[in-house]
Amino acid sequence: MPALVASDLDRTLIYSAAALALTMPDARAPRLLCVEVHESRPLSYMTETAAELLTDLGDAAVFVPTTTRTRKQYQRINLPGPPPRFAICANGGHLLVDGETDRDWHARVLARLADECAPLSEVREHLLRTADPVWVRKQRVADDLFAYLVVERELLPEEWVKELAAWAENRGWTVSLQGRKIYAVPAPLTKSAAVHEIARRTGADLTLAAGDSLLDADLLLAADRSWRPGHGELADAAWTAPGVHALPERGVLAGERILRELLRTVRTPR
Ligand SMILES: [Mg+2]
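Residues numbered from 1 in each chain as written. Predicted model: local features only at pLDDT ≥ 70, side-chain atom pairs only at ≥ 80, totals over all residues. Heavy atoms only, no water.

**Some thoughts on the domain arrangement of the protein chain**
Applied cut-off: Annotation comment: domain bounds sourced from an automatic or database domain assignment. The contact criterion used throughout is that any non-hydrogen atoms of two residues lie within 4.5 Å. Once two parts are brought into contact, the accessible area they lose, counted with a 1.4 Å probe and summed over both, makes up the buried area. In the sections that follow, a salt bridge refers to a side-chain nitrogen of Lys or Arg positioned within 4 Å of a carboxyl oxygen of Asp or Glu. Residues adjacent in sequence count toward polar contacts only when both atoms are side-chain atoms; beyond that, a polar contact is any pair of N or O atoms within 3.5 Å, and within protein one must be able to donate a hydrogen and the other to accept it. Secondary structure elements are taken from DSSP: a helix is a run of H or I of four residues or more, a strand is a run of E of two residues or more, and numbering for both begins at the N terminus.
Parsing the protein chain into structural domains produces domain 1 (3–110 + 189–267) and domain 2 (118–186). One C-alpha centre belongs to domain 1, the other to domain 2, and the line joining them spans 23 Å. At the junction of the two partners, domain 1 supplies 16 residues and domain 2 supplies 14 residues. Summed over both partners, the interface of domain 1 with domain 2 comes to about 1,200 Å²; 63% of that surface belongs to carbon and sulfur atoms. The largest share of the area that domain 1 buries against domain 2 comes from Leu-189, Leu-215 and Glu-233, three residues that together contribute 39% of it. At the junction of domain 1 with domain 2, the criterion picks out one salt bridge. For the pair domain 1 and domain 2, the number of links is six residue pairs in polar contact (both at pLDDT 80 or more). Elements represented by at least two residues in the side of domain 1 that touches domain 2 include exactly helix 2 (71–75) and helix 3 (103–116).

Below, the structure written as structure tokens:
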């Protein structure tokens, strides 16, 4: 029986230059591998050691990249190791099988959203009406499923985020602030639902997970064991739960530690 490893990508396994959080002297910094190029520039990194660990993990378990990124944003990432058979994009809205979206899964997700929460148009309109152009840089819709803003974090009023979260909750939506992005995502659109489906299809007898943000909480709770780094929304809220390991490492070194823990656990006889 295979073990299933579902991990968030951004700020869990891969890191932008701004998120590396390197604190050692430059001469002792780990060597970094660029795993994403965007508009001809390097964008995301992992340590060389993390790249080796991920390669081994891909051989030892069913590794499932589990991201809020759109399919297009996911597909420009070039992860080391064997190409994953399954991937989860758009926070569970798309389940990719050998790189192609599973249409049945997507139809089931759309039906559930139509039943259980306010439509995207209503949330978009609210965002457009209430967000201040002084601190909004971009407004985006992701895969026709959810919305996010790119903001000037220093200018963003904390109070506005709180009000948005309360407004959204009443309509069956969740708000997550990650770096320069504020996401508004339907509450029933979850990574864990898609991971359950992959566990069913693969017959996995153990599910491990990792993630750093509020949108990963359901994923971490649904797994048999899970890890979160010492940075990010969950760490900031000191969020924890049974079976969730809160690691002290921050930044790109947390990614390396997470992969070490995942691989060690997968290799432990059960
Ligand atoms: Mg993340």
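Read on, since the account is not over.
**Here we look at the packing of aromatic side chains**
As a reminder, the rule being used: Here a pair means two rings of Phe, Tyr or Trp (six-membered ring of Trp) with centres within 6.5 Å. Their orientation is stacked below 30 degrees between planes, edge-to-face above 60, and tilted elsewhere. Buried residues are those whose accessible area, probed at 1.4 Å on protein chains only, stays under 20% of the maximum for their type, while exposed residues exceed 50% and partly exposed ones sit between those limits.
For the structure shown, the criterion picks out three aromatic pairs. Look at Phe-146 and Tyr-183: their rings are 6.2 Å apart centre to centre, the planes differ by 50 degrees, and that puts the pair in the tilted class. One end of the pair, Phe-146, is in strand 10 (residues 146–151); the other, Tyr-183, is in strand 12 (residues 181–186), and 37 residues separate them in sequence. On the basis of relative accessibility, which here comes to 0%, the residue Phe-146 falls in the buried class. Geometrically, the ring pair formed by Tyr-148 and Tyr-183 is tilted, given 5.4 Å between the ring centres and 40 degrees between the ring planes.

**Overview of the nonpolar core**
Nonpolar side chains tend to gather and get buried jointly when the protein is soluble and globular. The test is simple: Throughout this description, the term nonpolar core refers to a set of buried Ala, Val, Leu, Ile, Met, Phe, Trp, Tyr and Cys residues connected via side-chain atoms within 4.5 Å.
Ranked by internal contacts, the top residues of the largest apolar core, which has 56 residues, are Leu-127, Phe-146, Leu-156, Trp-160, Trp-173 and Ile-182. Among the elements that line this core, the one with the most residues is strand 10, at six residues. Once residues lying within four places of it in the same chain are set aside, the contact partners of Ile-182 are Ala-147, Tyr-148, Leu-149, Val-151, Leu-156, Trp-160, Val-161, Leu-164, Val-175, Ser-176 and Leu-177. Listed in part, the 30 residues of the second largest apolar core include Leu-54, Leu-57, Leu-206 and Trp-227.

**Topic: the sheet that holds strand 4 (residues 41–47)**
Filter applied, for reference: Only when DSSP finds a minimum of two bridges between them are two strands counted as paired.
Within the open sheet, the three strands sit side by side as 2-4-3. Their pairing is antiparallel. Either end of the sheet is taken by a strand with one partner, and the two such strands are strand 2 (15–16) and strand 3 (32–38). In this sheet, strand 4 lies alongside strand 3 in antiparallel orientation, the contact comprising six bridges. The partner of Leu-33 across the bridge, within strand 4, is Met-46.

**Observations concerning the packing of helix 1 (residues 48–60) against helix 9 (residues 252–267)**
The condition that has to hold: Each axis is a line fitted through C-alpha atoms, and for a helix only the stretch in contact is used; angles between axes span 0 to 180 degrees, taken between their N-to-C directions. Every angle not falling under 35 degrees, over 145, or within 65 to 115 is termed oblique; those three ranges are roughly parallel, roughly antiparallel and roughly perpendicular. Crossing handedness follows the turn of the near helix against the far one: under a right angle anticlockwise gives a left-handed crossing, and clockwise gives a right-handed one. In this classification, Asp, Glu, Lys and Arg are treated as charged, Ala, Val, Leu, Ile, Met, Phe, Trp, Tyr, Cys and Pro as nonpolar, and every other residue, Gly included, as polar.
Axis separation between helix 1 and helix 9 bottoms out at 9 Å; the angle between their running directions is 30 degrees. Here helix 1 lies roughly parallel to helix 9, going by the angle between them. Helix 9 is crossed by helix 1, and the crossing has left-handed handedness. Contacts between helix 1 and helix 9 pair Thr-49, Ala-50, Leu-53, Leu-54, Asp-56, Leu-57 and Ala-60 from the former with Glu-256, Leu-259, Arg-260, Leu-262, Leu-263, Val-266 and Arg-267 from the latter. Here the residues of the contact of helix 1 with helix 9 sort into nine nonpolar, one polar and four charged.

**Concerning the coordination of the magnesium ion**
The criterion, for reference: Ligating atoms shown are N, O and S within 2.8 Å of the metal, or 3.2 Å for Na, K and Ca, and water is not included, meaning a site may look less than complete.
Distances from the magnesium ion to its protein donors, Asp-8 (OD), Asp-10 (O) and Asp-212 (OD), fall at 2.1 to 2.2 Å. In primary sequence terms, the donor set of the magnesium ion follows D-x1-D-x201-D. Of this pair, Asp-10 sits in the loop between strand 1 (3–7) and strand 2 while Asp-212 sits in the loop between strand 13 (206–210) and helix 7 (217–222), placing them 202 residues apart in sequence. Under the relative-accessibility criterion, Asp-212 is labelled buried at 4%.

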